[in-house]
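One letter stands for each residue in the lines below.
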2 protein chains.
Amino acid sequence: MKSDPAGATTTSPAVSMSGRLMEELGADEALRLLGTVELGRIVFTRHALPAVRPVNHRLDAGDIIVQVQDGSTLAALLAAQGDAGVVVAYEADAIDQGERLGWSVVATGYATAVTIPSEIERYAHLLQPWVEGTASGAIRIRPDLVTGFRLRESSP
Amino acid sequence: MKSDPAGATTTSPAVSMSGRLMEELGADEALRLLGTVELGRIVFTRHALPAVRPVNHRLDAGDIIVQVQDGSTLAALLAAQGDAGVVVAYEADAIDQGERLGWSVVATGYATAVTIPSEIERYAHLLQPWVEGTASGAIRIRPDLVTGFRLRESSP
(Lines give C-alpha, C1' and ligand atoms only; values in the text may rest on other atoms or scores of the structure.)
Protein backbone atom coordinates (compact mmCIF):
# COMPACT_ATOMS: atom_id res chain seq x y z
CA MET A 1 0.00 0.00 0.00
CA LYS A 2 3.03 2.24 -0.02
CA SER A 3 3.28 2.85 -3.72
CA ASP A 4 0.71 4.77 -5.67
CA PRO A 5 -1.29 2.15 -7.55
CA ALA A 6 -2.29 4.51 -10.31
CA GLY A 7 0.91 6.46 -10.70
CA ALA A 8 -0.67 9.78 -9.85
CA THR A 9 2.09 10.77 -7.50
CA THR A 10 4.71 10.20 -10.17
CA THR A 11 3.50 13.22 -12.11
CA SER A 12 4.94 16.54 -11.10
CA PRO A 13 2.72 18.79 -9.01
CA ALA A 14 1.69 21.12 -11.81
CA VAL A 15 2.28 20.06 -15.40
CA SER A 16 1.13 22.69 -17.85
CA MET A 17 -0.35 22.65 -21.38
CA SER A 18 -3.35 23.13 -23.57
CA GLY A 19 -4.30 25.84 -21.14
CA ARG A 20 -4.84 23.18 -18.48
CA LEU A 21 -2.85 22.52 -15.38
CA MET A 22 -2.91 19.19 -13.61
CA GLU A 23 -2.55 19.71 -9.89
CA GLU A 24 -2.14 16.93 -7.43
CA LEU A 25 -4.62 16.91 -4.60
CA GLY A 26 -3.79 16.27 -0.99
CA ALA A 27 -5.41 13.23 0.56
CA ASP A 28 -7.84 15.24 2.70
CA GLU A 29 -8.99 17.41 -0.17
CA ALA A 30 -9.26 14.36 -2.43
CA LEU A 31 -11.46 12.51 0.04
CA ARG A 32 -13.58 15.60 0.55
CA LEU A 33 -14.19 15.87 -3.19
CA LEU A 34 -15.09 12.20 -3.39
CA GLY A 35 -17.76 12.91 -0.80
CA THR A 36 -19.35 15.56 -3.03
CA VAL A 37 -20.52 13.00 -5.61
CA GLU A 38 -22.61 9.86 -5.31
CA LEU A 39 -21.27 7.79 -8.15
CA GLY A 40 -17.93 6.01 -8.34
CA ARG A 41 -16.32 2.85 -9.63
CA ILE A 42 -15.10 0.03 -7.46
CA VAL A 43 -12.07 -1.77 -8.85
CA PHE A 44 -11.14 -5.26 -7.78
CA THR A 45 -9.63 -8.49 -8.96
CA ARG A 46 -11.93 -11.30 -10.00
CA HIS A 47 -10.62 -14.62 -11.23
CA ALA A 48 -7.20 -13.00 -11.47
CA LEU A 49 -8.57 -10.39 -13.88
CA PRO A 50 -9.08 -6.69 -13.29
CA ALA A 51 -12.74 -5.81 -12.83
CA VAL A 52 -14.63 -2.57 -12.37
CA ARG A 53 -18.20 -1.77 -11.51
CA PRO A 54 -20.04 1.55 -11.13
CA VAL A 55 -21.65 1.95 -7.70
CA ASN A 56 -23.07 4.54 -5.31
CA HIS A 57 -21.16 5.70 -2.29
CA ARG A 58 -21.29 7.88 0.79
CA LEU A 59 -18.55 8.89 3.16
CA ASP A 60 -18.97 7.84 6.78
CA ALA A 61 -16.38 8.87 9.36
CA GLY A 62 -13.61 8.75 6.78
CA ASP A 63 -14.64 5.42 5.29
CA ILE A 64 -16.21 4.97 1.89
CA ILE A 65 -19.48 3.08 2.09
CA VAL A 66 -20.48 1.48 -1.17
CA GLN A 67 -23.81 0.04 -2.07
CA VAL A 68 -23.67 -3.30 -3.82
CA GLN A 69 -26.49 -3.53 -6.31
CA ASP A 70 -25.37 -6.69 -7.96
CA GLY A 71 -25.35 -9.23 -5.20
CA SER A 72 -23.44 -12.09 -6.65
CA THR A 73 -20.15 -10.55 -7.63
CA LEU A 74 -18.88 -8.36 -4.84
CA ALA A 75 -20.60 -10.21 -2.04
CA ALA A 76 -19.06 -13.48 -3.15
CA LEU A 77 -15.70 -11.79 -3.52
CA LEU A 78 -15.79 -10.41 -0.01
CA ALA A 79 -17.13 -13.57 1.55
CA ALA A 80 -14.22 -15.49 0.11
CA GLN A 81 -11.72 -13.13 1.72
CA GLY A 82 -12.80 -13.61 5.32
CA ASP A 83 -12.65 -10.92 7.97
CA ALA A 84 -9.43 -9.38 6.74
CA GLY A 85 -11.14 -7.96 3.69
CA VAL A 86 -9.74 -7.53 0.24
CA VAL A 87 -7.87 -4.60 -1.28
CA VAL A 88 -9.89 -2.59 -3.74
CA ALA A 89 -9.46 0.72 -5.48
CA TYR A 90 -12.27 3.23 -5.69
CA GLU A 91 -12.42 5.98 -8.26
CA ALA A 92 -14.71 8.96 -8.57
CA ASP A 93 -14.42 11.98 -10.77
CA ALA A 94 -16.23 15.05 -11.97
CA ILE A 95 -14.66 16.06 -15.25
CA ASP A 96 -16.36 18.22 -17.83
CA GLN A 97 -15.37 16.77 -21.18
CA GLY A 98 -16.20 19.96 -23.01
CA GLU A 99 -14.32 22.27 -20.69
CA ARG A 100 -11.73 19.66 -19.79
CA LEU A 101 -11.86 20.83 -16.23
CA GLY A 102 -12.54 18.86 -13.09
CA TRP A 103 -11.00 16.35 -10.76
CA SER A 104 -10.44 12.64 -10.26
CA VAL A 105 -9.77 10.80 -7.03
CA VAL A 106 -8.57 7.24 -6.41
CA ALA A 107 -8.73 5.66 -2.97
CA THR A 108 -7.14 2.30 -2.27
CA GLY A 109 -7.73 0.22 0.82
CA TYR A 110 -9.28 -2.82 2.41
CA ALA A 111 -12.92 -3.53 1.72
CA THR A 112 -15.10 -5.47 4.12
CA ALA A 113 -18.76 -6.32 4.05
CA VAL A 114 -20.99 -4.39 6.41
CA THR A 115 -22.47 -7.07 8.68
CA ILE A 116 -23.72 -5.27 11.80
CA PRO A 117 -27.52 -5.08 11.51
CA SER A 118 -27.76 -1.49 12.81
CA GLU A 119 -25.18 -0.36 10.26
CA ILE A 120 -26.88 -2.25 7.46
CA GLU A 121 -30.09 -0.43 8.29
CA ARG A 122 -28.41 2.97 8.53
CA TYR A 123 -26.61 2.59 5.23
CA ALA A 124 -29.77 1.34 3.57
CA HIS A 125 -31.21 4.78 4.31
CA LEU A 126 -28.06 6.71 3.42
CA LEU A 127 -27.51 4.90 0.15
CA GLN A 128 -30.81 5.07 -1.62
CA PRO A 129 -30.59 2.46 -4.33
CA TRP A 130 -30.97 3.76 -7.85
CA VAL A 131 -32.30 0.46 -9.00
CA GLU A 132 -33.89 -1.25 -6.02
CA GLY A 133 -34.47 -4.90 -5.49
CA THR A 134 -30.99 -5.79 -6.63
CA ALA A 135 -29.36 -4.13 -3.61
CA SER A 136 -27.79 -6.80 -1.46
CA GLY A 137 -25.76 -4.91 1.11
CA ALA A 138 -23.00 -2.46 1.72
CA ILE A 139 -19.22 -2.56 1.65
CA ARG A 140 -16.90 -0.43 3.74
CA ILE A 141 -13.63 0.70 2.22
CA ARG A 142 -10.99 2.05 4.58
CA PRO A 143 -8.98 4.37 2.34
CA ASP A 144 -5.33 3.77 3.17
CA LEU A 145 -4.08 5.70 0.18
CA VAL A 146 -5.96 8.58 -1.42
CA THR A 147 -4.60 10.38 -4.45
CA GLY A 148 -6.14 12.66 -6.99
CA PHE A 149 -5.70 15.51 -9.37
CA ARG A 150 -7.54 18.58 -10.47
CA LEU A 151 -7.53 19.97 -13.98
CA ARG A 152 -7.76 23.73 -13.93
CA GLU A 153 -7.21 26.58 -16.29
CA SER A 154 -3.75 28.02 -16.33
CA SER A 155 -3.51 31.67 -15.49
CA PRO A 156 -2.73 33.85 -18.53
CA MET B 1 -11.91 -14.19 -20.39
CA LYS B 2 -15.05 -16.28 -20.43
CA SER B 3 -16.61 -15.04 -17.22
CA ASP B 4 -17.89 -11.56 -16.75
CA PRO B 5 -15.31 -9.80 -14.60
CA ALA B 6 -17.74 -7.25 -13.28
CA GLY B 7 -20.76 -9.42 -12.78
CA ALA B 8 -22.95 -7.42 -15.13
CA THR B 9 -24.27 -10.49 -16.89
CA THR B 10 -25.41 -12.00 -13.61
CA THR B 11 -28.17 -9.43 -13.28
CA SER B 12 -31.41 -10.19 -15.00
CA PRO B 13 -32.13 -8.33 -18.25
CA ALA B 14 -34.52 -5.80 -16.77
CA VAL B 15 -34.64 -5.34 -13.02
CA SER B 16 -37.19 -2.74 -12.01
CA MET B 17 -37.48 -0.16 -9.18
CA SER B 18 -37.38 3.41 -8.09
CA GLY B 19 -38.87 4.17 -11.47
CA ARG B 20 -35.63 3.00 -13.09
CA LEU B 21 -34.99 -0.06 -15.16
CA MET B 22 -31.55 -1.54 -15.60
CA GLU B 23 -31.23 -3.03 -19.04
CA GLU B 24 -28.27 -5.04 -20.16
CA LEU B 25 -26.64 -3.81 -23.32
CA GLY B 26 -25.49 -6.01 -26.14
CA ALA B 27 -21.76 -5.95 -26.87
CA ASP B 28 -22.14 -3.98 -30.11
CA GLU B 29 -24.36 -1.33 -28.58
CA ALA B 30 -22.10 -1.12 -25.53
CA LEU B 31 -19.00 -0.53 -27.65
CA ARG B 32 -20.86 2.03 -29.74
CA LEU B 33 -21.81 3.96 -26.61
CA LEU B 34 -18.24 3.83 -25.36
CA GLY B 35 -17.25 5.50 -28.62
CA THR B 36 -19.56 8.43 -27.94
CA VAL B 37 -17.49 9.69 -25.00
CA GLU B 38 -13.83 10.62 -24.66
CA LEU B 39 -13.18 9.86 -21.03
CA GLY B 40 -12.90 6.46 -19.41
CA ARG B 41 -11.00 4.62 -16.72
CA ILE B 42 -8.39 1.97 -17.36
CA VAL B 43 -8.26 -0.72 -14.71
CA PHE B 44 -5.22 -2.90 -14.19
CA THR B 45 -3.19 -4.72 -11.62
CA ARG B 46 -0.09 -3.06 -10.24
CA HIS B 47 2.09 -4.72 -7.63
CA ALA B 48 -0.72 -7.23 -7.13
CA LEU B 49 -3.13 -4.43 -6.23
CA PRO B 50 -6.09 -3.15 -8.21
CA ALA B 51 -5.39 0.18 -9.85
CA VAL B 52 -7.47 2.60 -11.89
CA ARG B 53 -6.65 5.71 -13.84
CA PRO B 54 -8.82 8.12 -15.84
CA VAL B 55 -7.71 8.45 -19.46
CA ASN B 56 -8.91 9.57 -22.88
CA HIS B 57 -9.88 7.09 -25.54
CA ARG B 58 -11.00 6.71 -29.12
CA LEU B 59 -12.34 3.68 -30.94
CA ASP B 60 -10.32 2.50 -33.92
CA ALA B 61 -11.58 -0.45 -35.96
CA GLY B 62 -13.14 -2.04 -32.91
CA ASP B 63 -10.17 -1.49 -30.65
CA ILE B 64 -10.05 0.98 -27.81
CA ILE B 65 -7.08 3.32 -28.13
CA VAL B 66 -6.09 4.94 -24.88
CA GLN B 67 -3.78 7.86 -24.39
CA VAL B 68 -1.29 7.44 -21.61
CA GLN B 69 -0.64 10.78 -19.99
CA ASP B 70 1.30 9.47 -17.09
CA GLY B 71 4.25 7.80 -18.64
CA SER B 72 5.72 5.81 -15.85
CA THR B 73 2.91 3.63 -14.68
CA LEU B 74 1.17 2.12 -17.65
CA ALA B 75 4.16 2.16 -19.93
CA ALA B 76 6.21 0.28 -17.39
CA LEU B 77 3.39 -2.14 -16.83
CA LEU B 78 3.05 -2.92 -20.50
CA ALA B 79 6.76 -3.14 -21.11
CA ALA B 80 7.02 -5.75 -18.40
CA GLN B 81 4.40 -7.92 -20.08
CA GLY B 82 6.12 -8.33 -23.42
CA ASP B 83 4.33 -8.71 -26.73
CA ALA B 84 1.44 -10.73 -25.37
CA GLY B 85 0.07 -7.72 -23.56
CA VAL B 86 -1.71 -7.62 -20.26
CA VAL B 87 -5.38 -7.96 -19.47
CA VAL B 88 -7.05 -4.72 -18.46
CA ALA B 89 -10.61 -3.58 -17.97
CA TYR B 90 -11.84 -0.31 -19.38
CA GLU B 91 -14.90 1.49 -18.08
CA ALA B 92 -16.78 4.45 -19.44
CA ASP B 93 -20.14 5.80 -18.47
CA ALA B 94 -22.53 8.68 -18.92
CA ILE B 95 -24.82 8.72 -15.92
CA ASP B 96 -26.77 11.75 -14.81
CA GLN B 97 -26.65 11.67 -11.02
CA GLY B 98 -29.67 13.93 -10.72
CA GLU B 99 -31.85 12.06 -13.15
CA ARG B 100 -30.26 8.70 -12.38
CA LEU B 101 -30.37 7.85 -16.05
CA GLY B 102 -27.58 6.83 -18.35
CA TRP B 103 -25.30 3.94 -19.17
CA SER B 104 -22.08 2.24 -18.16
CA VAL B 105 -19.88 -0.02 -20.26
CA VAL B 106 -16.99 -2.27 -19.25
CA ALA B 107 -14.65 -3.78 -21.83
CA THR B 108 -12.07 -6.37 -20.86
CA GLY B 109 -9.22 -7.50 -23.04
CA TYR B 110 -5.53 -7.53 -23.77
CA ALA B 111 -3.70 -4.23 -23.80
CA THR B 112 -0.56 -3.66 -25.82
CA ALA B 113 1.55 -0.59 -26.35
CA VAL B 114 1.25 1.09 -29.73
CA THR B 115 4.75 0.86 -31.19
CA ILE B 116 4.39 1.37 -34.96
CA PRO B 117 5.56 4.93 -35.72
CA SER B 118 2.78 5.67 -38.22
CA GLU B 119 0.17 4.58 -35.68
CA ILE B 120 1.80 6.56 -32.92
CA GLU B 121 1.58 9.63 -35.11
CA ARG B 122 -2.03 8.98 -36.12
CA TYR B 123 -3.19 8.45 -32.55
CA ALA B 124 -1.30 11.51 -31.40
CA HIS B 125 -3.65 13.48 -33.66
CA LEU B 126 -6.79 11.52 -32.77
CA LEU B 127 -6.20 11.70 -29.05
CA GLN B 128 -5.57 15.33 -28.34
CA PRO B 129 -4.03 15.38 -24.90
CA TRP B 130 -5.95 17.33 -22.31
CA VAL B 131 -2.78 18.04 -20.45
CA GLU B 132 0.06 17.93 -22.93
CA GLY B 133 3.69 17.28 -22.26
CA THR B 134 2.92 14.33 -20.05
CA ALA B 135 1.60 12.23 -22.95
CA SER B 136 3.92 9.35 -23.51
CA GLY B 137 2.15 7.12 -25.97
CA ALA B 138 -0.90 5.09 -26.71
CA ILE B 139 -2.24 1.72 -25.65
CA ARG B 140 -4.47 -0.52 -27.72
CA ILE B 141 -7.08 -2.60 -25.94
CA ARG B 142 -8.70 -5.43 -27.88
CA PRO B 143 -12.08 -5.79 -26.20
CA ASP B 144 -12.69 -9.52 -25.84
CA LEU B 145 -15.63 -9.05 -23.52
CA VAL B 146 -17.90 -6.02 -23.56
CA THR B 147 -20.78 -5.67 -21.14
CA GLY B 148 -22.87 -2.75 -20.04
CA PHE B 149 -26.19 -1.54 -18.80
CA ARG B 150 -28.51 1.33 -19.36
CA LEU B 151 -30.63 2.96 -16.68
CA ARG B 152 -33.91 4.15 -18.15
CA GLU B 153 -37.25 5.27 -16.88
CA SER B 154 -39.82 2.56 -16.45
CA SER B 155 -42.96 3.03 -18.48
CA PRO B 156 -45.94 4.03 -16.34
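Quantities reported herein were computed from a predicted structural model and do not represent experimental measurements.

**Observations regarding the overall build of chain A**
Helices and strands together make up the secondary structure of chain A, namely three helices and eight strands. Of the regular secondary structure in chain A, the N- to C-terminal order runs β-β-α-β-β-β-α-β-β-α-β. Pairs at least 24 residues apart make up 70% of the contacts formed inside chain A by residues separated by at least 6 positions. Roughly 6,600 Å² of accessible area belongs to chain A as shown, and the carbon and sulfur atoms make up 52% of that amount.

**A look at the layout of surface pockets**
In this structure, the largest pocket encloses a volume near 270 Å³. In terms of lining, the largest pocket is formed by 13 residues, of which the most central are Arg41(A), Asp93(A), Ile95(A), Arg41(B) and Asp93(B). Secondary structure elements with two or more residues in the lining of the largest pocket: β3 (39-46) and β6 (86-96) of chain A together with β3 (39-46) and β6 (86-96) of chain B. Residues belonging to the lining of the largest pocket are distributed by class as follows: seven nonpolar, two polar and four charged.

**So, the environment of Glu29(A)**
All names here are of chain A. With respect to the helices and strands, the residue Glu 29 is situated in helix α1 (residues 27-34). Along the sequence, Glu 29 and Gly 148 sit 119 residues apart, while their C-alpha atoms lie 8.8 Å from each other. At a separation of 3.0 Å, a polar atom in the side chain of Glu 29 contacts the side chain of Arg 32. Separated by 2.9 Å, the side chains of Glu 29 and Arg 150 make a polar contact.

**A closer look at the environment of Gly148(A)**
In this structure, Gly148(A) sits in strand β8 (residues 137-153). In contact with Gly148(A), other than residues within four places in its own chain, are Glu23(A), Glu24(A), Leu25(A), Ser104(A) and Val105(A).

**Some thoughts on the side chain of Gln67(B)**
All names here are of chain B. Within the element layout of this structure, Gln 67 appears in strand β5 (residues 63-68). Its relative accessible area of 5% is what places Gln 67 among the buried residues. A distance of 2.5 Å separates a polar side-chain atom of Gln 67 from the backbone oxygen of Leu 127.

**Concerning the confidence of the model for chain A**
Residue and element names in this part refer to chain A. In the predicted model, chain A carries a mean pLDDT of 80, and the fraction of residues at 70 or more is 71%. Confidence, read as mean pLDDT per element, is least for strand β1 (residues 14-15) in chain A (43) and greatest for α1 (97). Predicted confidence is poor over residues 1-17, with pLDDT under 50, and the contacts of this stretch with residues over four places away or in other chains come to 56 contacts. With a pTM of 0.82, the predicted complex shows an ipTM of 0.80.

**Notes on helix α1 (residues 27-34) of chain B**
Residues and elements named next belong to chain B. Residues of α1 that are buried include every one of Ala 30, Leu 31, Leu 33 and Leu 34, and no others. Projected down its long axis, α1 carries its buried residues within an arc of 160°, all on one side. Those residues of α1 hidden inside the fold are in contact with β4 (49-60), β5, β6, β7 (101-113) and β8 (137-153).

**What to know about the pattern of salt bridges**
For the structure on display, the rule yields 24 salt bridges over all chains. The partner of Glu29(A) in a salt bridge is Arg150(A), with the nearest N and O atoms 2.9 Å apart. Of this pair, Glu29(A) sits in helix α1 while Arg150(A) sits in strand β8; the two residues are 121 residues apart in sequence, bridging distant segments of the chain. With a relative accessible area of 25%, Arg150(A) lands in the partly exposed category. Through salt bridges with shared partners, one network takes in Arg41(A), Glu91(A), Asp93(A), Arg41(B), Glu91(B) and Asp93(B).

**Thoughts on the side chain of Asp60(A)**
Residue and element names in this part refer to chain A. Mapped onto the fold, Asp 60 is located in strand β4 (residues 49-60). At a separation of 3.1 Å, a polar atom in the side chain of Asp 60 contacts the side chain of Arg 122. For Asp 60, the residues in contact, after removing those within four places along its chain, are Ile 65, Arg 122, Tyr 123 and Arg 140.

**Some thoughts on the environment of Ile139(A)**
All names here are of chain A. Note that Ile 139 resides in strand β8. In this structure Ile 139 comes out as buried when scored by relative accessible area, which is 3%. Sequence separation between Ile 139 and Tyr 110 is 29 residues, and the spatial gap between their C-alpha atoms is 10.0 Å.

**Considering the pairing of β4(B)**
Along any regular strand, the residues point their side chains to alternate faces of the sheet. Residues and elements named next belong to chain B. Among the 12 residues that make up β4, 10 are buried, leaving the element largely enclosed by the rest of the structure. Across eight bridges, β3 lies against β4 in antiparallel orientation. Along β4, the bridge assignment pairs Gly 40 with Val 55. What sits between β3 and β4 in their antiparallel hairpin is a turn of two residues, with His 47 showing a positive phi close to 55°.

Rules behind the numbers
- Residues numbered from 1 in each chain as written.
- Chains lettered and ligands numbered in written order.
- Predicted model: local features only at pLDDT ≥ 70, side-chain atom pairs only at ≥ 80, totals over all residues.
- Heavy atoms only, no water.
- Helix = DSSP H or I, 4+ residues; strand = E, 2+ residues; numbered from the N terminus.
- Contact = heavy atoms within 4.5 Å.
- Areas by Shrake-Rupley, 256 points an atom, 1.4 Å probe, with all protein chains shown as cover.
- 1 Å grid on protein atoms, 1.4 Å probe; cavity = no way out; pocket = protein on both sides within 12 Å on 5 of 7 lines; lining within 4 Å.
- Points joined across faces, edges and corners; volume = space filled by probe spheres on them.
- Nonpolar A, V, L, I, M, F, W, Y, C, P; charged D, E, K, R; others polar.
- Polar contact = N/O pair within 3.5 Å; in protein donor to acceptor, adjacent residues only side chain to side chain.
- Buried < 20%, exposed > 50% of the residue type's maximum accessible area, 1.4 Å probe, protein only.
- pLDDT = per-residue confidence, 0-100.
- Arc of directions from axis to C-beta.
- Salt bridge = Lys/Arg side-chain N within 4 Å of Asp/Glu carboxyl O.
- Pairing = 2+ DSSP bridges.

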